[in-house]
Every structure is written in structure tokens, then in C-alpha cells.
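Structure assessment
Spelled out, the chains give:
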Amino acid sequence: MIFLAENVFITIIAIAAGSYVIKRHLKQKPVASEREIVFCIVTNLLNTAITYAGFRLWQHGYIVFSFAINWRTLTDFLLLFMAMDLAMYLFHYGIHRTIAYRYIHQLHHHYTNPTPIDLFVLHPLETLGFGALWLAMLYLYSFNFAAVLIYLTINVVYGITGHLGIEPLPAGWRNKPLLKHLGTSTFHHRHHSDIHCNFGFYTNIWDKLFKTYKP
């Protein structure tokens, strides 16, 4: 129940924050359909199961964390950020290039102009696939726990901004030396309108490297 409450709380915050930004920019509040709400509930239940599975793996020593606050907090965050970005790029690209797109991922692409709730509108198998990827990453390396919390927070922020349907960052900011390599709302929105490009999540580095990037 604690993990369920945590996932529901994150979902409410994500949808509320995203809706607030959209309302400020477009002067209208996005309205979720009954179908979106149902899939959002299912995704929350599955995310709760994944969170509990991770907790049990930690209890039994299969997942190990470092709880010290030191230099590893930063280095582990950067490692986790880039490793998950690459892993999810490959997973996402693989879905688009196989029959899995038609039967699984196409559900998410039903929304060419996504709204914040669409972050949680995923086929159950896709939710489980991303969850398995996440647990495998934690199993393979002993991350600093504070780094994991920072990563999860940024993951939610990226999820919100990627499904706004508008670009909150000014163009001048997006062209800064560091920021130009990050995945923006425009970057992910382009993916929803053109399924053959921009498979990355946090950065556009892998898309540029593997020639799948479109501005």
C-alpha cells in the first residue's frame, strides 16, 4: 500500500504540474478521456508491482545500494542517467522496428499531440518491459541510493515535459552548449508526430550517433 500511494502521488503531481504549464501557455486545461484514465490506473498498479519487486530483491541482497552521501552521488547519477538513456533508446528503437510496435507500442502513439496523462498511457507489456529494464540496471551495479532518488525525480520531470505538447524552454536556452544535447519537449513531440525518429528519452545523443535524429 505504501508503494501504491507513492506511485499514485507521483502520478497526481505529474499530471497536475503538466496541466498547469499547458493551461498557462494555451489558456486551456487538458481533459483526459475515460480510456486514458483506465490505462493510467493499470500503469500505476503495474508500477507498484515493479517497485515492490525491487524492494524484495533489495531485501534478499540481489539489489545493493550505497547509502553514504559522497562523491559517488554525482558520478552514480551521471552513470545511471546515461546508462538508462542508452538502454531505453535501444528498447524503444527495438519496439518500433519489430511487430511489438503494432501490438504494444502503437497504443501510446495513438496520441500524436500528447498531454501529461499520456505519460502513463502504456500497454501493460510495455510498462513491464521498462520495469524489467530498470530492475536489471539496479541488479547489475550497486548505485548510490541518493543518486537513484535524484534520477527518479528527473525521470518524472522529463516525462512531464515530454508530454506537454508545447515547448516550455526558450529557443535561446535550447541552443546552449550543454542543453542542446538534452531531450526537450519539442524533441519528444516530434517523435509522436513522426515515429521514425527521436527514440531517445533524456538526451538526443544516441539519435545523433545512430542517425535517427530530426530537429
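Worth saying up front: this structure is predicted, and the values here are computed from it rather than measured.

Cut-off values and rules
- Residues numbered from 1 in each chain as written.
- Predicted model: local features only at pLDDT ≥ 70, side-chain atom pairs only at ≥ 80, totals over all residues.
- Heavy atoms only, no water.
- Helix = DSSP H or I, 4+ residues; strand = E, 2+ residues; numbered from the N terminus.
- Rg over C-alpha atoms; globule rule 2.2 N^0.38 Å.
- Buried < 20%, exposed > 50% of the residue type's maximum accessible area, 1.4 Å probe, protein only.
- Contact = heavy atoms within 4.5 Å.
- Areas by Shrake-Rupley, 256 points an atom, 1.4 Å probe, with all protein chains shown as cover.
- Lys, Arg positive; Asp, Glu negative; His and termini not counted.
- Charge placed at Lys NZ, Arg CZ, Asp CG, Glu CD.
- Core = buried A, V, L, I, M, F, W, Y, C linked by side-chain atoms within 4.5 Å.
- pLDDT = per-residue confidence, 0-100.
- Axes fitted to C-alpha atoms, helices over the stretch in contact; angles between N-to-C directions.
- Left-handed = near helix turned anticlockwise from the far one by under 90°.
- Salt bridge = Lys/Arg side-chain N within 4 Å of Asp/Glu carboxyl O.
- Parallel < 35°, antiparallel > 145°, perpendicular 65-115°, else oblique.
- Nonpolar A, V, L, I, M, F, W, Y, C, P; charged D, E, K, R; others polar.

Bringing the overall build of the chain into the picture now. From N to C terminus, the chain includes 9 helices and 0 strands. Ordering the α and β elements of the chain from the N terminus gives α-α-α-α-α-α-α-α-α. For 215 residues, the compact-globule formula gives about 17 Å, and the C-alpha radius of gyration of the chain, at 17 Å, lands near that figure. In terms of overall dimensions, the chain has C-alpha extents of about 45 × 40 × 40 Å along its principal axes. Per-residue burial over the chain gives 40% buried out of 215 residues. A fraction of 73% describes how many contacts in the chain between residues 6 or more apart in sequence connect residues 24 or more apart. For the chain, the exposed surface amounts to about 11900 Å²; the carbon and sulfur share of it is 70%. For the chain, the distance from the average position of its 16 positive side-chain charges to the average position of its 10 negative side-chain charges is 7 Å.

Right, let's talk about the nonpolar core for a bit. Residues Leu 80, Met 84, Trp 134, Leu 138, Val 148, Tyr 151 and Tyr 202 are the most contacted members of the largest nonpolar core, which totals 20 residues. Of all the elements, helix H3 (residues 72–96) adds the most residues to this core, at 6 residues. Judged by nonpolar contacts, the second largest core, of 7 residues, contains Ala 14, Phe 120, Ile 160 and Leu 164.

For the rest of this paragraph, the subject is the confidence of the model for the chain. As a general rule, the predicted coordinates of low-pLDDT regions are not to be interpreted in detail. Confidence in the prediction of the chain, expressed as mean pLDDT, is 88, and 92% of residues score 70 or more. Mean pLDDT values for the elements of the chain range from 64 in helix H7 (residues 171–174) up to 96 in helix H5 (residues 124–140).

Okay, unusual backbone geometry next. For Asn 198, which is not a glycine, the phi torsion comes out positive at approximately 55 degrees. Relative to the helices and strands, Asn 198 is located in the loop between helix H8 (185–193) and helix H9 (205–209). Judged by its relative accessible area of 0%, Asn 198 is buried. Even without being glycine, Lys 211 reaches a positive phi, approximately 65 degrees. With respect to the helices and strands, Lys 211 occurs in the segment after H9. Look at Lys 211 and you get exposed, because its relative accessible area is 75%.

Following the sequence through the fold, Leu 90 ends up in helix H3. The spacing of Leu 90 and Asp 194 is 104 residues in sequence and 18 Å in space, taken between C-alpha atoms.

Right, let's talk about the packing of H3 against H5 for a bit. Between H3 and H5, the shortest axis-to-axis distance is 11 Å and the interhelical angle comes to 145 degrees. By crossing handedness, the relation of H3 to H5 is classed as right-handed. Where H3 abuts H5, its residues Leu 80, Ala 83, Met 84, Ala 87, Met 88, Phe 91 and Ile 95 lie against Glu 126, Gly 129, Phe 130, Leu 133, Trp 134 and Met 137.

Once that is clear, we can look at the pattern of salt bridges. Within this structure, the stated rule accounts for 2 salt bridges. For Lys 214, the salt bridge identified is with Asp 194, shortest N-O distance 3.1 Å. Linking Lys 214 in the segment after H9 with Asp 194 in the loop between H8 and H9, this pair joins segments that are 20 residues apart in sequence.

For the rest of this paragraph, the subject is the environment of Phe 55. Looking at where Phe 55 falls in the secondary structure, it is placed in helix H2 (residues 34–59). Given a relative accessible area of 29%, Phe 55 falls into the partly exposed group. Sequence separation between Phe 55 and Phe 3 is 52 residues, and the spatial gap between their C-alpha atoms is 9.6 Å.

What follows concerns the packing of H2 against H5. In contact at an axis separation of 10 Å, H2 and H5 are set at 25 degrees when each is read in the N-to-C sense. As the angle between them shows, H2 and H5 are arranged roughly parallel. Crossing angle aside, the handedness with which H2 passes H5 is right-handed. For the pair formed by H2 and H5, the contact residues are Phe 39, Val 42, Thr 43, Leu 46, Asn 47, Ile 50, Ala 53, Gly 54 and Leu 57 on the first element and Pro 124, Thr 127, Leu 128, Gly 131 and Leu 135 on the second. For the contact of H2 with H5, the residue count by class is 9 nonpolar, 5 polar and no charged.

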